[in-house]
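# Structure at a glance
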Amino acid sequence: MYNEPHFPLKNVDGVSLPGWFELIVGPMFSGKTEELIRRLKRAKIAGQETLIFKPKMDDRYHESHVVSHDENFLVSKAIEKPEEIIGMVKEETVIGIDEVQFFSREVLEAIRELTKGGRRVLAAGLDKDYLGDPFPPVPDLMAEADYLTKLHAICVRCGAPASFSYRKSPVKEKLLLGEKDDYEARCRNCFFE
Ligand code: ADP
Ligand code: ZN
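Quick caveat: nothing in here was measured; it's all calculated off a predicted structure.

This part is about the packing of aromatic side chains. With the rule as written, the count across this model stands at six aromatic pairs. Geometrically, the ring pair formed by Tyr166 and Phe191 is edge-to-face, given 6.2 Å between the ring centres and 90° between the ring planes. Within this pair, whereas Tyr166 is found in strand β11 (residues 164-167), its partner Phe191 is found in helix α5 (residues 188-192), the two being separated by 25 residues in sequence. Judged by its relative accessible area of 27%, Tyr166 is partly exposed. Where Phe191 meets Phe192, the ring centres are 5.0 Å apart and the plane angle is 90°; that geometry is what we call edge-to-face.

Next comes the structure, spelled out in C-alpha cells:
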C-alpha cells in the first residue's frame, strides 16, 4: 500500500532535506491519471502549491487540463519539451507530470533538478507500449523513482488484473494516441494470445 511521505522537508534541526520522486505506471485505463490527480488534489488541499505538466501532443481532451478517463481533471501546462519545465517552476513545491512516456529522457534531468531543490515530483505514464515492450524513458524513471506504484486495469476479456495495453486497430505507429476505441486493457494471457 502506498503511503504519502512526510512534507515539508526539514529535519529536527531545521536542515533542508532533499525532495523525492514518485512514479505511477501501468497500462491504459489502470487509473494512473486518476491517482496522479488524487495525490495532487490532496497536496493542494493541504495548502501546497502545485504545478502540472503534460506533453503538448496529448490533446485528446483539453489543451490545458490533465483529464482521466472518468473525466476527473486538473489544470495543467502543455509543453513540447521537458527542458521547459525548470524555467516554469517558481514557488510551487509539488510538481506533477502526466503522460511522461511521451517525453524524452531529458525529463530525468528536470526531475533531478526539482527534487534536489526539495520539491516533491510526481509522474505518471505507460510502462509498456502496445507491443508489450518497455516505453522509454519510463524504465529509466522506474529505476530513479523513490516511490514506485504499478497499477493494473481489469482485463476486458477475462477479468484478470491487466498490465498490457492491447491495440485493436491495425495502425503501426507507436505514438498513436488512442481512446477506448483503439485500445483495451488485457492480462498477459489474453495479450499474448
Ligand atoms: P490511465 O491514466 O491509466 O489511462 P485513467 O485514470 O485515465 O487511466 O482512467 C481510469 C478509469 O478508466 C477507471 O477508473 C475506469 O473508469 C475506466 N476504465 C475503462 N476501462 C477500464 C478497464 N478495463 N479496467 C479498469 N478501468 C477501466
Ligand atoms: Zn485476460
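So that's the structure; there's more coming.
This part takes up the coordination of the zinc ion (ligand 2). At 2.2 to 2.4 Å from the zinc ion (ligand 2) lie its protein donor atoms, namely Cys155 (SG), Cys158 (SG), Cys187 (SG) and Cys190 (SG). One can describe the site at the zinc ion (ligand 2) as tetrahedral: its four donor atoms subtend angles covering 102 to 118° at the metal. Read N to C, the donor residues that coordinate the zinc ion (ligand 2) are spaced as C-x2-C-x28-C-x2-C. Taken together, the residues Cys158 in the loop between β9 (153-154) and β10 (161-162) and Cys190 in helix α5 connect sequence positions 32 residues apart. Overall, the relative accessible area of 8% leaves Cys190 in the buried class.

Attention now goes to a negative patch on the surface. There is a patch of like negative charges on the surface, built from Glu80, Glu83, Glu84, Glu106 and Glu109. Assignment of secondary structure puts Glu84 in helix α2 (residues 84-88). A residue is classified by how much of its surface remains accessible, and Glu84, at 32% relative accessible area, is partly exposed.

Below, the discussion takes up the pairing of strand β1 (residues 20-26). When you tally the buried positions in β1, you get seven out of seven residues, the bulk of the element. Bridging between β1 and strand β7 (residues 120-126) involves seven bridges; their strand directions are parallel. Across the sheet, residue Leu23 finds its bridge partner in β7, namely Ala123. Bridge count between β1 and strand β8 (residues 147-150): four bridges; the pairing is parallel. Along β8, the bridge assignment pairs Leu23 with Leu148.

With that out of the way, let us pick up the sheet that holds β7. Taken in spatial order, the six strands make up an open sheet running β5-β2-β6-β7-β1-β8, and their pairing is parallel. Edge positions in the open sheet fall to β5 (77-79) and β8, since each of these has one partner strand only. Each adjacent strand pair in this sheet contributes to an overall mean axis angle of 20°, direction not counted. The pairing of strand β2 (residues 50-55) with β5 spans three bridges and is parallel. Residue pairing across strands places Lys54 opposite Ala78, the latter belonging to β5. Packing against the sheet, helix α1 (residues 32-45) makes contact with β1, β2, β6 (94-97), β7 and β8, and its axis sits at approximately 165° to β7.

How each quantity is defined
- Residues numbered from 1 in each chain as written.
- Chains lettered and ligands numbered in written order.
- Predicted model: local features only at pLDDT ≥ 70, side-chain atom pairs only at ≥ 80, totals over all residues.
- Heavy atoms only, no water.
- Phe/Tyr/Trp six-rings, centres within 6.5 Å; stacked < 30°, edge-to-face > 60°.
- Helix = DSSP H or I, 4+ residues; strand = E, 2+ residues; numbered from the N terminus.
- Buried < 20%, exposed > 50% of the residue type's maximum accessible area, 1.4 Å probe, protein only.
- Donors = N, O, S within 2.8 Å, 3.2 Å for Na, K, Ca; no water.
- Tetrahedral: all angles 85-135°; square planar, octahedral: opposite > 155°, others 65-115°.
- Patch = residues over 30% accessible without salt bridge, like charges linked within 9 Å, V, L, I, M, F, W, Y side chains within 5 Å.
- Areas by Shrake-Rupley, 256 points an atom, 1.4 Å probe, with all protein chains shown as cover.
- Salt bridge = Lys/Arg side-chain N within 4 Å of Asp/Glu carboxyl O.
- Lys, Arg positive; Asp, Glu negative; His and termini not counted.
- Charge placed at Lys NZ, Arg CZ, Asp CG, Glu CD.
- Pairing = 2+ DSSP bridges.
- Axes fitted to C-alpha atoms, helices over the stretch in contact; angles between N-to-C directions.
- Contact = heavy atoms within 4.5 Å.

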